[in-house]
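Letter by letter, the chains look like this.
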Amino acid sequence: MFLADKASDDGSGIWCSKWTIQRHTELGESTVKRTIREFLKGGVLVDTGARGCKNGVTAEALDMLGFNAPQVSPNHFDVLAARFDLPADRLERMRAVNILCDSDGQGEEFFQLYSQPFAGQLFFEIIESGAGYSG
C-alpha cells in the first residue's frame, strides 16, 4: 500500500528510497529489500533505473537551510577541473556547497558531502553515485 501511495499518477515510477519505505512501514531493511526483489521477480514492479537528478540540488537546498558542510580544499576543485571535463559553472556550484567528486572515467560519477562533526566524532555522509559507477 505504501508503494502504491508513492507511485506517480501516470504509473511512470515510485520515487522513494528503501530507507523511506522502512521508516514509514516500520519494516526492517532486509524485509524491504527482499520484498522489492520478490515484487521485481514476480512482475509486480518493473525496474526502470535510478531517477536522474542535477548534481548539487540537494546540497544547495541543505546549504540554504543552514547545513554547514566542512570546507573542501580549493585544490580538490583544481584537480577535478584538470582530470575531468566538468563545466566551469558546475564546478563552481560544487565548490560553493563543498561537494567532493570522483569519476570512473566511463561517464559515471560519485559525489560526497559531509556534515560538521557533532556529539563528539559523529558526522553524516551524503552520497550520490551513478548506477554504473565502478571507482
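Here the structure is a predicted model, which means the values were calculated and not measured.

The rules behind these values
- Residues numbered from 1 in each chain as written.
- Predicted model: local features only at pLDDT ≥ 70, side-chain atom pairs only at ≥ 80, totals over all residues.
- Heavy atoms only, no water.
- Helix = DSSP H or I, 4+ residues; strand = E, 2+ residues; numbered from the N terminus.
- Buried < 20%, exposed > 50% of the residue type's maximum accessible area, 1.4 Å probe, protein only.
- Contact = heavy atoms within 4.5 Å.
- Areas by Shrake-Rupley, 256 points an atom, 1.4 Å probe, with all protein chains shown as cover.
- Salt bridge = Lys/Arg side-chain N within 4 Å of Asp/Glu carboxyl O.
- Core = buried A, V, L, I, M, F, W, Y, C linked by side-chain atoms within 4.5 Å.
- Pairing = 2+ DSSP bridges.
- Axes fitted to C-alpha atoms, helices over the stretch in contact; angles between N-to-C directions.

Draft legend 1. Fine view of the overall build of the protein. Helix and strand counts for the protein come out as six helices and three strands. Ordered by position from N to C terminus, the α and β elements of the protein give α-α-α-α-α-α-β-β-β. Burial status across the protein gives 26% buried among its 135 residues. A sequence separation of at least 24 residues applies to 37% of the contacts in the protein between residues at least 6 apart. Looking at the protein as shown, the accessible area adds up to about 9600 Å², and 53% of this sits on carbon and sulfur atoms.

Draft legend 2. Geometry of the environment of Thr25. Residue placement: Thr25 occurs in helix α2 (residues 18-25). The exposure class assigned to Thr25 is partly exposed, which follows from its relative accessible area of 28%. Remark: the alpha-carbon pair of Thr25 and Met1, spanning 24 residues in sequence, is separated by 9.5 Å.

Draft legend 3. A look at the pattern of salt bridges. All told, the structure shown has four salt bridges when counted by the stated rule. With its nearest N and O atoms 2.9 Å apart, the salt bridge here joins Glu29 to Lys33. Taken together, the residues Glu29 and Lys33, both in helix α3 (residues 29-42) and four residues apart, mark about one turn of the helix. Accessibility expressed as a relative area gives 44% for Glu29, which makes it partly exposed. Between Arg90 and Glu109 there is a salt bridge, with its nearest N and O atoms 2.8 Å apart. Of the two residues, Arg90 sits in helix α6 (residues 88-97) while Glu109 sits in strand β2 (residues 109-114), which places them 19 residues apart along the sequence. For Arg90, a relative accessible area of 19% gives the class buried.

Draft legend 4. Summary view of the nonpolar core. Membership of the largest hydrophobic core comes to 14 residues, with the highest contact counts inside it found for Phe77, Leu80, Met94 and Ile99. Elements with a contribution of two residues or more to this core: α5 (74-83), α6 and β2. In terms of residue count, the dominant contributor to this core is α6 (three residues). Phe2, Ile21, Val32 and Ile36 belong to the second largest nonpolar core, which has six residues in total.

Draft legend 5. Expanded view of the environment of Ile126. The topology assignment puts Ile126 in strand β3 (residues 125-129). Each C-alpha atom, one on Ile126 and one on Phe111, is 8.1 Å from the other, the two residues being 15 residues apart in sequence. For Ile126, the contacting residues outside a window of four places in its chain are Leu62, Phe67, Phe111, Gln112 and Leu113.

Draft legend 6. The arrangement of the sheet that holds strand β1 (residues 100-103) in detail. Read from one edge of the open sheet, three strands run β1-β2-β3, paired in antiparallel fashion. Strands with a single pairing partner mark the edges of an open sheet, and in this sheet they are β1 and β3. Here the average twist between neighbouring strands, direction ignored, is 15°.

Draft legend 7. Representation of the pairing of β2 within the structure. The element β2 is extensively covered by neighbouring structure, given that five of its six residues are classed as buried. One ladder, built from five bridges, connects β2 with β3; its direction is antiparallel. In the sheet register, Leu113 faces β3, and the bridge partner there is Ile126.

By themselves, these figures tell us nothing about what the structure is for.
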